[in-house]
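Topology and contacts: notes
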Amino acid sequence: MPTDTNTSYKVSQSNTTHGQDGEHHLARGQRSSMRLWHNEQPNPDKPESTHEYETLGYVISGRVDLIIDGQPINLQSGDSYFVPAGTPHTFRVTETLTAVEVNTPGTDK
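Here's a quick rundown of the structure. The structure displayed is predicted, hence computed values, not measured ones.

**A word on unusual backbone geometry**
Across residues other than glycine, the phi torsion is negative in most instances, and most of the peptide bonds are trans. Omega for the bond connecting Thr104 with Pro105 falls within 30 degrees of zero, at -5°, which places this linkage in the cis form. Note on placement: Pro105 falls in the segment after β7 (89-104). Despite not being glycine, Asn39 shows a phi value in the positive range, around 55°. Tracing the sequence through the fold places Asn39 in strand β3 (residues 33-40). Positive phi values are uncommon outside glycine, yet Asp69 reaches one of about 55°. Turning to its location among the elements, Asp69 is positioned in the loop between β4 (54-68) and β5 (71-76).

Here it is as structure tokens:
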């Protein structure tokens, strides 16, 4: 497969960017992107949102209530989750959270 001179096979911590909601944008591929939620503090419910991308996630530490299409899902360390594209969702961090997510197609959100 040909390589693009703009392709980055490694993203060092010092080169990550941060989003408006506190997420750390990590590696980005041709079809997906990865982000990290690091030490997210407990919070009240965030406003419900819907995105054009799907999200696969894994809880590294902490606890979060993910509400997908009105259905509450309690997540803790070791749990993984899926939010389909176009599905209304929100979350409530109940114990300081660190989680990693992959979005497809990739996004800077």
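Resuming the write-up.
**Points about the pairing of β4**
As judged from the 13 bridges shared by β4 and β7, these two strands associate in the antiparallel manner. Bridge assignment links Leu66 to a residue of β7, and that residue is Phe91. Strand direction decides the pairing type here: β4 and β5, joined by six bridges, are antiparallel. Within β5, the position partnered with Ile68 by the bridge is Gln71. Between the antiparallel neighbours β4 and β5 lie two residues, among them Asp69 with a positive phi of about 55°.

Rules behind the numbers
Residues numbered from 1 in each chain as written. Predicted model: local features only at pLDDT ≥ 70, side-chain atom pairs only at ≥ 80, totals over all residues. Heavy atoms only, no water. Helix = DSSP H or I, 4+ residues; strand = E, 2+ residues; numbered from the N terminus. Pairing = 2+ DSSP bridges.

On their own, these measurements won't tell you what the molecule is for.
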